[in-house]
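Secondary and tertiary structure notes
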Amino acid sequence: MATVVVTGTQWGDEGKGKIVDYLAQQADVVVRFQGGSNAGHTVTVDGEEYKLRLMPSGILYKGSLCVVGNGVAFDPMIMLEEMDGLAARGIDLSGIRISNRAHVVLPYHRLMDGIGDEARGKGKIGTTKRGIGPCYMDRDNRIGIRVCDLIDKEEFAKRLKENLALKNKELKALYDHEPLDYDEILKEYEGYADRLRPYVCDTIALLNEEVAAGKKILFEGAQATMLDIDYGTYPYVTASHPISGGVAVGAGVAPKKIDKVVGIVKAYCTRVGEGPFPTEQLNAIGDKIREEGHEYGVVTKRPRRTGWLDACVVRYAGLISGIDYMAVTRLDILDSFDEIKMCVGYKYKGELLKEIPASLKVLAQVEPVYETFPGWKTSITKCRSYEELPEKAKAYLTRMAEVTGIALGIVSVGPNRDETIVVAKDIF
Ligand code: IMP
């Protein structure tokens, strides 16, 4: 198989970085197709941790192309910070390609993301404040500035002038905020444009050429199904499409050219920001999951909300994205638990629900139906094959595959590259 999509099945932070990194070893091209620097992937290579936000994870492999697709909310400041950090650690940056159609995150996007979300008061989404929502809002409002504009000095100066006049009016009227300075932003962004120009190209043409040449292409999703703007727990969602269909719109590669979809399933659940989370454990179990799993945000450092695995959510993600294989991550975090629970359905007003309710009011009131599994109470980090896993861990995985209707493809038993059990050998 030549084109593989990796997508998160829960509320993000499933450990996609590790699985993407593992698959990236075999890929010629790694592509980001949505989201932006709101993502935070931690990849551990030979004991060294790399925290990536905007950069495709393939950057850690010599010779692979790393594409920032047109669907990405592209923050040039963050990209350059990451590039500098990686170059200082000896990483080769020559494979980077940035779409000329990606929308650019500007200082007013970051500012408005912060004050705009706070202004919602109790209804705030708890965004990462990276300007992602406001950048996509400008795109959809057809006033966005794209990378092709950024690298065109004259065009950028003109577009920035028009946009900033509007944004400063909004800042004053809505938030009584002082205006942002045109010359300062212009100078800052001209500097970014000069450094990034060599990496910009038509990534749609490039990717379709690579597909036609039979190259192995990995599409790396950020965030996850339950944060998708349409399919997630709206309005507590991000502003893009992390589902596999997002590849078609965010990278310009047609749906029929996608061969395999891998859904990342953390062995338990976490969520950052506000919004319903049926299996949340606001108790000692939740605290134990957080501490064992070091569940704190890569980007925002916020403590994550924690709970048991919700297999209903994973089944839903499987339907929407056409997931072929699950990659179960962080199974080792459950090593010391006496018992482990899995939500296999929801009850609402005494009735068993078959679907994920669209209404947040309903979702906030559902009662999870749990199955309980005895813990395996031993370290699984050294297991390198499915057979080596304790029977109790296998029982948990088997039931997960049954309830979700998705085959088991990979099991991750630790943060390092080699702490990975590959069950399905035909992913790429
Ligand atoms: P935004 O993407 O910054 O607009 O934030 C919208 C929602 O998505 C908030 O609840 C964020 O916490 C959540 N979110 C955004 N990116 C990630 C991520 O990479 N992992 C987990 N949650 C995220």
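Everything numeric here is computed off the predicted structure, so don't read it as measured data. (Residues numbered from 1 in each chain as written. Predicted model: local features only at pLDDT ≥ 70, side-chain atom pairs only at ≥ 80, totals over all residues. Heavy atoms only, no water.)

1. Re the overall build of the protein chain
A tally of regular secondary structure across the protein chain gives 13 helices and 20 strands. Its C-alpha atoms give the protein chain a radius of gyration of 21 Å, within 12% of the compact-globule value 22 Å for 428 residues. Projected onto its principal axes, the C-alpha positions of the protein chain cover 65 × 50 × 40 Å. Counting only residues that meet the buried cut, the protein chain has 59% of its 428 residues in that class. Taking contacts inside the protein chain between residues at least 6 apart in sequence as the whole, the part at least 24 apart equals 76%. On the protein chain, roughly 17500 Å² of surface is accessible, and the fraction owed to carbon and sulfur atoms is 51%. Averaging the coordinates of the 56 positive side-chain charges in the protein chain and doing the same for the 61 negative ones gives two points 2 Å apart. (Helix = DSSP H or I, 4+ residues; strand = E, 2+ residues; numbered from the N terminus. Rg over C-alpha atoms; globule rule 2.2 N^0.38 Å. Buried < 20%, exposed > 50% of the residue type's maximum accessible area, 1.4 Å probe, protein only. Contact = heavy atoms within 4.5 Å. Areas by Shrake-Rupley, 256 points an atom, 1.4 Å probe, with all protein chains shown as cover. Lys, Arg positive; Asp, Glu negative; His and termini not counted. Charge placed at Lys NZ, Arg CZ, Asp CG, Glu CD.)

2. Details of the site of the ligand
Taken together, 16 residues lie around the ligand, and Asp13, Asn38, Thr128, Thr238 and Arg302 are the ones closest in. Residue aspartate 13 places a side-chain N or O atom 3.2 Å away from a nitrogen atom belonging to the ligand. Taking arginine 302, its side chain carries an N or O atom lying 3.1 Å from an oxygen atom of the ligand. Summarising the interface, the protein chains cover 96% of the accessible area of the ligand, which totals 470 Å² for the free molecule. Of the residues belonging to the shell around the ligand, the class tally is 6 nonpolar, 8 polar and 2 charged. (Near = heavy atom within 4 Å. Polar contact = N/O pair within 3.5 Å; in protein donor to acceptor, adjacent residues only side chain to side chain. Nonpolar A, V, L, I, M, F, W, Y, C, P; charged D, E, K, R; others polar.)

3. Remarks on the domain arrangement of the protein chain
As assigned here, the protein chain comprises domain 1 (2-93 + 202-422) and domain 2 (103-197). With 28 residues of domain 1 at the contact, the number on the domain 2 side is 22 residues. Interface area, domain 1 with domain 2, both sides summed: about 2000 Å², of which 60% is carbon and sulfur. On the domain 1 side of the interface with domain 2, the three residues burying the most area are Phe74, Pro76 and Leu80, jointly 25% of the side's total. Where domain 1 packs against domain 2, one counts 2 salt bridges. Summed over the shared surface of domain 1 and domain 2, the result is 9 residue pairs in polar contact (both at pLDDT 80 or more). Broken down by secondary-structure element, the contributors of at least two residues to the side of domain 1 that touches domain 2 are strand S6 (73-74) and helix H2 (76-88). Here the side of domain 1 that touches domain 2 gets 6 residues from one element, more than from any other, and that element is H2. Among the residues forming the side of domain 1 that touches domain 2, the class breakdown is 13 nonpolar, 10 polar and 5 charged. (Domains from an automatic or database assignment. Buried area = accessible area lost by both parts, 1.4 Å probe. Salt bridge = Lys/Arg side-chain N within 4 Å of Asp/Glu carboxyl O.)

4. Looking at the packing of aromatic side chains
Evaluation of the coordinates by the stated rule reveals 6 aromatic pairs. Judged by centre distance (5.3 Å) and plane angle (50°), the rings of tryptophan 11 and phenylalanine 277 are tilted. Here the residue tryptophan 11 occupies a position in the loop between strand S1 (3-8) and helix H1 (16-24), and phenylalanine 277 occupies one in the loop between strand S12 (269-271) and helix H10 (284-292), the gap between them amounting to 266 residues. Residues tryptophan 11 and phenylalanine 277 agree in their burial class; the two are buried. Joined through ring pairs, the aromatic side chains of Phe156, Tyr189 and Tyr192 make up one cluster. Sitting over the ring of phenylalanine 337, lysine 288 keeps its end group 4.8 Å from the ring centre. (Phe/Tyr/Trp six-rings, centres within 6.5 Å; stacked < 30°, edge-to-face > 60°. Lys NZ or Arg CZ within 6 Å of the ring centre and 35° of its normal.)

5. Things to note about the pattern of salt bridges
For the structure on display, the rule yields 31 salt bridges. Between lysine 129 and glutamate 118 there is a salt bridge, and its shortest N-O distance comes to 3.4 Å. Note that lysine 129 is positioned in the loop between helix H3 (107-119) and helix H4 (132-140) and glutamate 118 in helix H3, a separation of 11 residues in sequence. On the accessibility criterion, lysine 129 (37% relative accessible area) is partly exposed. Counted as one network, the salt bridges with shared partners bring together Asp13, Lys266, Glu295, Arg304 and Arg330.

6. Section: the sheet that holds strand S20 (residues 420-422)
Taken in spatial order, the 10 strands of this open sheet run S9-S7-S5-S2-S10-S1-S11-S15-S19-S20, and their pairing is mixed. For this open sheet the edge positions go to strand S9 (200-201) and S20, each flanked by a neighbour on one side alone. As paired elements, S1 and strand S11 (residues 260-266) share 5 bridges and run parallel to each other. Bridged to glycine 8 within S11 is isoleucine 264. In this fold helix H8 (residues 203-212) packs onto S1, strand S2 (29-32), strand S5 (65-68), strand S7 (96-99), S9 and strand S10 (217-220), with an angle of close to 135° to the strand it touches most, S5. (Pairing = 2+ DSSP bridges. Axes fitted to C-alpha atoms, helices over the stretch in contact; angles between N-to-C directions.)

7. Thoughts on helix H6 (residues 153-175)
Helix length check: H6 (23 residues) gives 31 Å between terminal C-alpha atoms against 33 Å at 1.5 Å per residue, within 8%. Buried residues of H6: Phe156, Ala157, Arg159, Leu160, Asn163, Leu164, Lys167, Asn168 and Leu171, and no others. Taken together, the buried residues of H6 touch H3, H4, helix H5 (147-150) and helix H7 (182-196). Immediately beyond the C-terminal end of H6, within one or two residues, lies aspartate 176, with a positive phi of roughly 50°. (Expected span 1.5 Å × (residues − 1).)

8. Regarding the side chain of threonine 225
Counting through the fold element by element, threonine 225 comes out in the loop between S10 and helix H9 (246-251). When sequence neighbours within four positions are dropped, the list of residues in contact with threonine 225 reads Thr7, Gly8, Thr9, Gln10, Tyr231, Gly232, Ile243, Tyr316, Ala317 and Ile320.

9. Description of H10
Residues of H10 that are buried include every one of Gly286, Ile289 and Arg290, and no others. Considered in projection along H10, the buried side chains sweep an arc of 100° and stay on one side of the axis. At its buried positions, H10 is contacted by strand S13 (305-307). With a side-chain oxygen positioned 3.0 Å from the backbone nitrogen of isoleucine 285, the residue opening H10 is asparagine 283. Where H10 terminates, the next one or two residues include histidine 294, which has phi positive at roughly 45°. (Arc of directions from axis to C-beta.)

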